[in-house]
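Summary of the model geometry
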Amino acid sequence: MIFSSKEHFLGVLRDFCIQEGFALTPNKHDSKRFTARCYQEQCNWRIHASMLMDGVSWAIKSLTGEHKLCGRLDANPMVSSEWLCKKLMEDIKSNPDYPVEGLQERCRVMFRIEVKLRLLYKVRNMAKELIHGGFSESYGLLPAYAEMIKRTNPGSYALVTWTKEIVGATPHFKSCFFSFGCMIKGFFEGCRPIIGIDGAHLSGTYKGQMLTAIAIDGNNEIFPIAYGIVDGETKDTWAYFFRCLREMFRNFGVHREDWTFISDRMRGVDCAVYEVFPRATRRVCAQHLYSNCKQAGWHGTAFHKSFWVAANAYNPYVYNKAMEKIAKIDPKVVDYLSQVPEQWSRHKFEPHVVCDNNTTNFVESFNACTKPFRDMPVYTLMEEARSWCMKKIGSRFDKVVEMGPNQLTEYAAGVLEERSQQSRFYSVTVAGGGEYEVKDGAVKYPIKFDARTCGCGVWQISGIPCRHGLRVIYHQRLEATDFVSHYFKGKAYKLTYSEHIHPMPDPTQWPSFDLPIILPPPMKRASGRPPKLRKRGKHDPKRGKRNSTVRCGKCKEVGHNARTCRGGATAKQKKAASAAAAAAGGGGASGSAGAAGSGAAGSQQGGDQGASSSQQQRNASSKGKRKRT
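Because the structure is predicted, anything quoted here is derived from the model rather than measured.

For the rest of this paragraph, the subject is the overall build of the protein chain. From N to C terminus, the protein chain includes 22 helices and 16 strands. The burial tally for the protein chain puts 43% of its 629 residues in the buried class. Put simply, of all contacts in the protein chain between residues at least 6 apart along the chain, 62% involve residues at least 24 apart. Summed over all atoms, the accessible surface of the protein chain reaches about 34,100 Å², with 52% contributed by carbon and sulfur.

Here's what the structure looks like:
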């Protein structure tokens, strides 16, 4: 056989040896010849190959002996990490978190070799590095990556900062911030003035924190505004993130500062927000506030119910009633909730924001999309976030083409339809001057039609007419869609997605930039393997079971498992089964008597049958007890 090079020959030879289950001991190994024999000394197998006259190609000159006196090697020393990485690359590429136990079984089935788990951990990391690039090299791509974003997507804001500890030394990465032009423009022209902010931990080699700013479009779907990476979650890093947001807004000529920010009670957020946006309004996630109350010792079904009634209250009356119930549980809770400086109950939300969200679920949704990539190199993480945004915005960009300017979004149309069905059972009384009174059972709600307000508070907070307002609209024979906020109509939705993210080439096609190659930040890695899952808090709900019904693997009875099995059904199950059997026996006797029509004789016969059946069950039960004893 003739091979194109020495590397080609050695690669084929290694594959052949691992396939046949033997190893080699080289005798001669230089740039022009290769001679080796079987690893087992008693075996006479031998191979010799050398370079041909062209000085490049190689050929096998002799191949003697057979493997008769040596057995197959399961743990073959010729299996190297590079060889395994090459063979398992496609499997790891399809699933970067492929379990090492699964890779071990795959090697056992495909190549009939035994590989240690320690080696497979190394192989999986090598494959990830080849697929996504190294962690250290990834930081060096960020300055050029920011320039490519600005070139391919005009109007984008991309900033990468680094530090120099010593003059003339190679700089180290500090932070980055990315926002695409279509995101900024879409937020200003079609989204409501509320921004959800959150941070997510990175679990890669150099750790860090990914900060995100998310808006909500007219269809109540998440609309990313910006994201970036900092070394930690502190007041300084949040101030850096908000300063980048403000500078990005001003580049588009928007000097507004009265934005509404919603987040959980993260470290340093409040100080950073008011430092950069002094006129901003702060909302706090009600779910995180409830978790704080549980950690302080206030929990229980009654408190849970009353808290969420207060959080979801659209008017002060419902809020005060819920707080009165909370005060009966513990007056200290009312003092604690009253001192919360952020808004958390819906009745305090400003009507001009047109958003009744009191949780950060929409921000957590974006974090969930980036979770599979937060243990990858920083460049790969940024590219995956960009790719996700590009696909989402691109699909909605094509969707809004045929949408009319006054057409409601799917979300607004669904809410309007549901409230319309509820409004059919109310009565309207005209008060004059554009004011009405709607009776909902025993409760009456005043409505100011020109101001588009209702006593329940839903209309002015959500921007969509409540069921009481719809009753008045239909009473006046008007179109309900005319009274929905413009944020939920096709004109604003089309402005939100009037542009899309333009594609970018990979780093091999980038032009050269006069930018430094920065190094990664200082290592902050703790001992042990980086955790992938968030540590659950003391009061966090436990994960639900896959199956609610437990069946024993030994006796096949329902209600317990094999570990707690005592040889059969439990006493409670026996009692229930006996009662059911007795009831079934009595019913059968009554039916027989009625069918025979023999009066007392038939009843006596049925009674005897029931007694006999009960006696048999007692005998069987006593036999089972004697067996277990």
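With respect to topology, five strands assemble into an open sheet ordered E1-E5-E4-E3-E2, the strand pairing being antiparallel. Two strands lie at the open edges of the sheet, namely strand E1 (2–3) and strand E2 (24–29), each paired on one side alone. Summarising the sheet, strand E4 (residues 46–51) and strand E5 (residues 58–64) pair through six bridges and their orientation is antiparallel. Its bridge partner lying in E5, Ala-49 is registered against Ile-60. Against the sheet, helix H1 (residues 6–20) makes contact with E1, E2, strand E3 (33–38), E4 and E5, and its axis sits at roughly 160° relative to E2, the strand it touches most.

It is worth spelling out helix H5 (residues 117–132) at this point. Here H5 contains 16 residues, and its C-alpha end-to-end distance of 22 Å stays within 8% of the 22 Å for a straight helix at 1.5 Å per residue. All buried positions along H5 are accounted for by Leu-120, Val-123, Arg-124, Ala-127 and Lys-128. Buried residues of H5, seen end-on, are gathered within an arc of 135° and therefore sit on one face of the element. What points out from H5, more than 90 degrees from its buried face, is the exposed set Arg-118 and Leu-130. Each element contacted by the buried residues of H5 is listed here: helix H2 (81–87), helix H3 (89–94) and helix H4 (100–110).

Pairing of E2 with E3, which is carried by five bridges, proceeds in the antiparallel orientation. Looking at E3, one finds that Pro-26 is bridged to Ala-36. From the end of E2 to the start of E3, which pair antiparallel, there are three residues. Sheet analysis places E3 next to E4, joined by five bridges and oriented antiparallel. Within the sheet, the bridge partner assigned to Phe-34 lies in E4 and is Ala-49.

This paragraph deals with the UniProt feature "domain: SWIM-type" (unreviewed entry) in the protein chain. Following the UniProt record, one finds the feature "domain: SWIM-type" (unreviewed entry) at residues 445–477. Across residues 445–477, the secondary structure splits into 42% helix and 18% strand, with the terminal C-alpha atoms separated by 20 Å.

We now examine a nonpolar patch on the surface. Taken together, Val-309, Tyr-317 and Val-318 make up a surface patch of nonpolar side chains, about 270 Å² in accessible area. The residue Val-318 is located in helix H13 (residues 316–329) in this model. Residue classification places Val-318 among the partly exposed residues on the basis of a relative accessible area of 32%.

Procedures and definitions
Residues numbered from 1 in each chain as written. Predicted model: local features only at pLDDT ≥ 70, side-chain atom pairs only at ≥ 80, totals over all residues. Heavy atoms only, no water. Helix = DSSP H or I, 4+ residues; strand = E, 2+ residues; numbered from the N terminus. Buried < 20%, exposed > 50% of the residue type's maximum accessible area, 1.4 Å probe, protein only. Contact = heavy atoms within 4.5 Å. Areas by Shrake-Rupley, 256 points an atom, 1.4 Å probe, with all protein chains shown as cover. Pairing = 2+ DSSP bridges. Axes fitted to C-alpha atoms, helices over the stretch in contact; angles between N-to-C directions. Expected span 1.5 Å × (residues − 1). Arc of directions from axis to C-beta. UniProt positions renumbered as here; feature names shortened; annotations may be inferred. Patch = residues over 30% accessible without salt bridge, like charges linked within 9 Å, V, L, I, M, F, W, Y side chains within 5 Å. Salt bridge = Lys/Arg side-chain N within 4 Å of Asp/Glu carboxyl O.

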